[in-house]
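Residue-level structure breakdown
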Amino acid sequence: MDKAPIIEVKNITKRFKGLTAVKDVSFSIREGGITGMIGPNGAGKSTTFNMICGYYPPTEGRIFYRGEDITNKKAYEYTNMKIARTFQIMKPLKNLSVLENVVASCYFGHAAAKSEREARERAMEVLHFTGLYDKRHILSKDMGTPDQKRLEMARALATKPELLFLDENMAGLNPAETEAAIELIREINRSGVTIFLIEHIMQAVVSLCESVIVLHHGEKIAEGTPEQVMNDPMVMEVYLGTKGGAAHA
Ligand SMILES: Nc1ncnc2c1ncn2[C@@H]1O[C@H](COP(=O)(O)OP(=O)(O)O)[C@@H](O)[C@H]1O
Ligand SMILES: [Mg+2]
């Protein structure tokens, strides 16, 4: 029998003054899976993400986590619920080393380390897992974009989440770096963490996600497997500007 979804979003709408950024959107996130959200710029992806992460509440609608209504919970309450997002705790501490950054994150949330030894041990594990171990003594500000993104994931993982949210974590990466990031996300998922990600890079969504939600002008226009949504006429029109699928510049 299928388990209840880990997250259920019911009819959420977000209005900013005159603008409706997200309109009556509903979907759910399956526990143990990787669910993706795509859509053109301004489609309402980050706004949806921010509502689910407790950054601000929806104007209308409700959000449930394991059946519990979390619509009005604040972002700082989320780490205790075993939910992490990149950028969640703080921006990387620029003048601290990679190791010190990860150690600091180990003190947050439901699994907050009770001693420095525990924090350092967990940080070392996370650094091995994310491939940052050899760079642990570098100041975070001295690293390039791919490693900064890895550090964001490492800091999120240091809180031992069951659910991880990633908002355009691969932006600015070249194809080889994207491939490495995809592999790391897959490994994180294999270790038992449910993932919800917003991504611009179609290749990443297609290769990682079992289920994809497509937003356009604040509305959900499609949902299904990557194959289903890529072949959806409405999605093709939005992405390629044609119903037939033949792209023209
Ligand atoms: N805090 C805000 N105040 C006013 N308008 C906003 C705010 N955040 C987003 N918007 C607007 O909402 C729409 C959706 O934005 P966003 O969710 O960031 O889209 P996406 O992440 O899909 O590119 C855009 O028109 C954007 O300008
Ligand atoms: Mg965005």
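Basis of the calculations
- Residues numbered from 1 in each chain as written.
- Chains lettered and ligands numbered in written order.
- Predicted model: local features only at pLDDT ≥ 70, side-chain atom pairs only at ≥ 80, totals over all residues.
- Buried ≥ 20, exposed ≤ 12 C-beta atoms within 10 Å, placed from the backbone.
- Helix = DSSP H or I, 4+ residues; strand = E, 2+ residues; numbered from the N terminus.
- Contact = placed C-beta atoms within 7 Å.
- Near = placed C-beta within 6 Å.
- Nonpolar A, V, L, I, M, F, W, Y, C, P; charged D, E, K, R; others polar.
- Core = buried A, V, L, I, M, F, W, Y, C linked by C-beta atoms within 7 Å.
- Domains from an automatic or database assignment.

1. Observations concerning helix α3 (residues 98-105)
Of all the 8 residues making up α3, 6 are buried; the element is thus mostly covered by neighbouring parts of the structure. All of the buried residues in α3 are Val98, Leu99, Asn101, Val102, Val103 and Ser105. Against α4 (116-129) and α5 (145-157) lie the buried residues of α3.

2. So, the site of ligand 1
Around ligand 1, a shell composed of Phe16, Leu19, Ala21, Gly39, Asn41, Gly42, Ala43, Gly44, Lys45, Ser46 and Thr47 is seen. Mapped by element, the contributors of at least two residues to the shell around ligand 1 are β2 (19-29) and α1 (45-52). With 3 residues, the top contributor of residues to the shell around ligand 1 is α1. Considering only residue class, the shell around ligand 1 consists of 4 nonpolar, 6 polar and 1 charged.

3. Examining the nonpolar core
Residues Val102, Ala123, Ala154, Leu164, Ile195 and Val214 are the most contacted members of the largest nonpolar core, which totals 61 residues. The two domains that each donate at least three residues to this core are domain 1 (1-79 + 163-249) and domain 2 (89-158). Setting aside anything within four residues of it in sequence, one finds Leu164 in contact with Ala84, Ala156, Ile188, Val193 and Ile195.

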